Amino acid sequence: MKAANHQPWRTEPGFLRPGQSSIESIQTLIGDFLHDRDSPHLLNGVEYPIQDDDIQEGWGKQSPLEKVVKTNKDLRSLLENNDLLRHSLCILEPADHVGHNSCGETVRASLNVACLAQGIADCDSILFPLWDSPEIDRSLLLQALSRCMAVVVEGGHPTVREADTFKACQWSLQDLQNLCEELIISRQSRTPPVVFICLGHQLAAQAHIHLIQKATRDILNCCESTLKENIHTLKGLLDTCKEIESIGRNLKIIKGGKDEIAYGWDDPQFAVGVNEIPEAGHCELVHYDHNKQHPSHRFSELILTHAVSSEEYDGIIEHSISYEKNLNIVMFHTDEVNEEAILFANWAYRKLHHALVPSRKLVAISPLAWLLKLPSSVEILCSTTVQGKLCTEVAATCISYMDFETKNIRRSFSCQFHPELLDDLREFSRSGIPAYSELKKDDGIRLLMRILYEAIKD
């Protein structure tokens, strides 16, 4: 297979063990990496380890970073190789870099994700540089993403608060927003999980609010014809949507305990605002907690509903904070997802899920069927502190999907931090590939591997 730049692609999964990588071996290698902080790599002594020379030229030049999809021709070729897709990460880049580090270098963090996945688990990666792909067919793109092992939506230097900051990118803020909404409602049975990082995390937060707005609008406009024979079910669903609209329109976003930066879900800064303390470098992860007063009516209900979601899922990040202690990760951003927006999204998703249960069969065969693809909850997993001061309340989230019939739960994740970057905030193509022993001790890298492990095992 050849990409548009005529670089040959490996057609079988695996670089350290050509043609031998599988989902089982990937899970085994990640599990062994996480088992402790000092054991050697299971693949020590492989014939073709990754060398610094293999990645110095970056994406698209040579293995293992040769797979770059920029055209529909690339996409169609990729869709012809299901085995390759099924055993690969698909990495979406919204922008050409995530920011500048202290050395003045631009940082293309997607390269680090690919190197870590390959070096630790011999898992291939396929890059989709959306910022440089003006003619990609979104339906073909979604087909490809639905068949891979996991999707990673990377960070980027633009801000979701200002559409003009995406002007230099081939995909506008609205294009990216629409794609993230489709990714959120695509997490169905036998589909890959999505991991949203930094800018991706912020795009996901805005997508949650847009999806809830669309859901309530569609139900209020269309559900009467779908449920006209079920008066009580119809009334319950309509009342739920009116309640969601009422709270969404009146919820205040408060910073620093007193400053109101947004009012209501139509405010452009409702989901994402400027962080009180811009973070670039080391932060400590702590358990999420909210015990402050809030002026919005019924805010306590949002907090209590979130507590229920937290009880239902106590997973990788919470366990890491509890048992590995003092987790230090790397932040690289000035914006943050607003705590109130995610608490509201979690409450609204749960209300919609419960209200749809009695009518799900009729809804499933109506134009409202897409509602059954919505998450059932979105939980705030952790916050960050610097020298004991709270900085980012929504440092990571778990997006859960409960199947209406089987009650099985699938998950995707988002995180504001960059788990793929080390303390120096550098690309491995410039700093060199870290030793496996160094990676095993790094909190951020371990957290990234935990998220991937948890996500792909569902």
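Just so it is clear, the model here is predicted, and its values are computed rather than measured.

Criteria and cut-off values
Residues numbered from 1 in each chain as written. Predicted model: local features only at pLDDT ≥ 70, side-chain atom pairs only at ≥ 80, totals over all residues. Heavy atoms only, no water. Helix = DSSP H or I, 4+ residues; strand = E, 2+ residues; numbered from the N terminus. Rg over C-alpha atoms; globule rule 2.2 N^0.38 Å. Buried < 20%, exposed > 50% of the residue type's maximum accessible area, 1.4 Å probe, protein only. Contact = heavy atoms within 4.5 Å. Areas by Shrake-Rupley, 256 points an atom, 1.4 Å probe, with all protein chains shown as cover. Phe/Tyr/Trp six-rings, centres within 6.5 Å; stacked < 30°, edge-to-face > 60°. Axes fitted to C-alpha atoms, helices over the stretch in contact; angles between N-to-C directions. Left-handed = near helix turned anticlockwise from the far one by under 90°. Nonpolar A, V, L, I, M, F, W, Y, C, P; charged D, E, K, R; others polar. Salt bridge = Lys/Arg side-chain N within 4 Å of Asp/Glu carboxyl O.

Caption draft 1: Broad picture of the overall build of the protein chain. In terms of regular secondary structure, the protein chain is built from 16 helices and eleven strands. Taking 23 Å as the expected radius of gyration for a compact globule of 458 residues, we find that the protein chain reaches 22 Å, a close match to that expectation. The principal-axis extents of the C-alpha atoms in the protein chain amount to approximately 65 × 50 × 40 Å. Taken across its 458 residues, the protein chain has 59% of its residues classed as buried. Partitioning the intrachain contacts of the protein chain with sequence separation of at least 6 by distance along the chain shows that 77% fall at a separation of at least 24. When the accessible surface of the protein chain is totalled, it reaches about 18700 Å², and 47% of it is carbon and sulfur.

Caption draft 2: Main features of the packing of aromatic side chains. Inspection of the entire model under this criterion finds four aromatic pairs. Relative to F344, the ring of F270 lies with its centre 6.2 Å away and its plane at 85 degrees, an arrangement referred to as edge-to-face. Of this pair, F270 sits in the loop between β6 (259-263) and β7 (272-287) while F344 sits in helix α12 (residues 339-356), and the two are 74 residues apart along the sequence. As far as burial versus exposure is concerned, F270 and F344 are alike and both buried. Consider the rings of F344 and W347, whose centres lie 6.0 Å apart with planes at 35 degrees: the pair is tilted. With F344 and W347 both in helix α12 and three residues apart, this pair spans about one turn of that helix. Residue classification places F344 among the buried positions, given a relative accessible area of 0%. Here the aromatic residues W265, F270, F344 and W347 are joined through ring pairs into a cluster of three or more.

Caption draft 3: Molecular detail of the packing of helix α3 (residues 72-79) against helix α6 (residues 138-145). It is at 10 Å that the axes of α3 and α6 come closest, and there the two elements cross at 30 degrees. Seen from above, α3 lies across α6 with left-handed handedness. Here N72, L75, R76, L78 and L79 of α3 lie close against α6, whose contacting residues are L140, L141, Q143 and A144. Counted by class, the contact of α3 with α6 contains six nonpolar, two polar and one charged residues.

Caption draft 4: Representation of the pattern of salt bridges within the structure. Tallied over the entire structure, the rule returns 24 salt bridges. The salt bridge involving E66 is made with R10; its shortest N-O contact spans 3.0 Å. Placement of the pair is E66 in the loop between α2 (52-55) and α3 and R10 in the segment before α1 (23-35), with a sequence separation of 56 residues. A relative accessible area of 1% places E66 in the buried class. With a relative accessible area of 15%, R10 lands in the buried category.

What is shown is where atoms sit, not what they do.
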